[in-house]
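Report on the structure
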Amino acid sequence: MDIRIRILDKPELALVRRVADVVWPVTFREILSPEQIAYMMEMMYAPAVMEREYDDGISFYGVFDGEKPVGYLIWGRSDSAPDTAKLHKCYLLPEYQGKGIGSMMLNEAKAYAKEAGFAKLRLHVNRNNAKAIKAYARNGFQTVATVDKPIGNGFFMNDYVMEVEI
Ligand SMILES: CC(C)(COP(=O)(O)OP(=O)(O)OC[C@H]1O[C@@H](n2cnc3c(N)ncnc32)[C@H](O)[C@@H]1OP(=O)(O)O)[C@@H](O)C(=O)NCCC(=O)NCCS
């Protein structure tokens, strides 16, 4: 394995979607209905949505094994607190999970956010996503809130908010 993390250009955003199409059904098959997965994929990964986020200053990073895209890391400033950055997404292909790459990604995210002047990094994670919660806790994130957020079509995101000082 030759794992590297680098910032993506706007024309490369399609690779995020390609990785998401593989990771999402596996991650959420026992947590969300197929209908909610399909709804959230369009809500978060439609090309126009990602392009708008990119234009708004959100940073998209790709995780590569050599030339092969195997994950992504997306972060930006938080709307709720000026000293806090938000980790929007942190995803790895299933065969790359459980090898310490997630921790490498979280360390990178902390470093980018710190360098940009933020004091904390915050994220939302589904309360039933035990694997991700474990990875975040291992990397110093602590649960600071519980939120049930309606996202339309009768669907909810049932999340923990987790935070780490950087
Ligand atoms: C969340 C996610 C990014 C975490 O990545 P990860 O690589 O699995 O997490 P870690 O880096 O913490 O992996 C640690 C595991 O690798 C093992 N490991 C193996 N080699 C290692 C090494 N060199 N260094 C560190 N850990 C290593 C650890 O023992 C640990 O195993 P365990 O979980 O059985 O205790 C990843 O699991 C993922 O993409 N999940 C699906 C998508 C998802 O849920 N994303 C978050 C949505 S909010």
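Located above this text is the structure these notes cover.
Residues numbered from 1 in each chain as written. Predicted model: local features only at pLDDT ≥ 70, side-chain atom pairs only at ≥ 80, totals over all residues. Heavy atoms only, no water.

Here we come to the nonpolar core. It is characteristic of soluble globular proteins that their nonpolar side chains tend to be buried jointly. Ranked by size, the top nonpolar core spans 55 residues in total, and within it W24 and Y45 carry the most contacts. Sort the elements by how many residues they give to this core and helix α1 (residues 13-28) lands first, with 8 residues. Among all residues touching W24, those that are not within four sequence positions of it are L32, I37, M40, M41, M44, Y45, Y72 and Y91. (Core = buried A, V, L, I, M, F, W, Y, C linked by side-chain atoms within 4.5 Å. Buried < 20%, exposed > 50% of the residue type's maximum accessible area, 1.4 Å probe, protein only. Helix = DSSP H or I, 4+ residues; strand = E, 2+ residues; numbered from the N terminus. Contact = heavy atoms within 4.5 Å.)

The subject of this paragraph is the site of the ligand. In the vicinity of the ligand, 21 residues are found, and the nearest of them are L92, G98, S103, N129 and R138. At a separation of 2.5 Å, an oxygen atom of the ligand approaches a polar side-chain atom of R138. For the ligand, whose free accessible area comes to 950 Å², the fraction covered by protein is 69%. Of all the secondary-structure elements, those providing two or more residues to the shell around the ligand are α1, β4 (84-92), α4 (101-115), β5 (120-126) and α5 (130-138). Considering every element that reaches the shell around the ligand, the biggest residue donor is α5, with 6 residues. (Near = heavy atom within 4 Å. Polar contact = N/O pair within 3.5 Å; in protein donor to acceptor, adjacent residues only side chain to side chain. Areas by Shrake-Rupley, 256 points an atom, 1.4 Å probe, with all protein chains shown as cover.)

On to the pairing of β5. With 5 of 7 residues buried, β5 is to be regarded as a mostly interior element. The sheet contact formed by β4 and β5 spans 4 bridges and is parallel. When the bridges of β5 are listed, A85 appears paired with L121. Handedness of the β-α-β unit built from β4, α4 and β5 comes out right-handed. Sheet topology places β5 next to strand β7 (residues 155-165); 7 bridges connect them, and they run antiparallel. In the sheet register, K120 faces β7, and the bridge partner there is E165. (Pairing = 2+ DSSP bridges. Right-handed = clockwise from strand over helix to strand, strands pointing away.)

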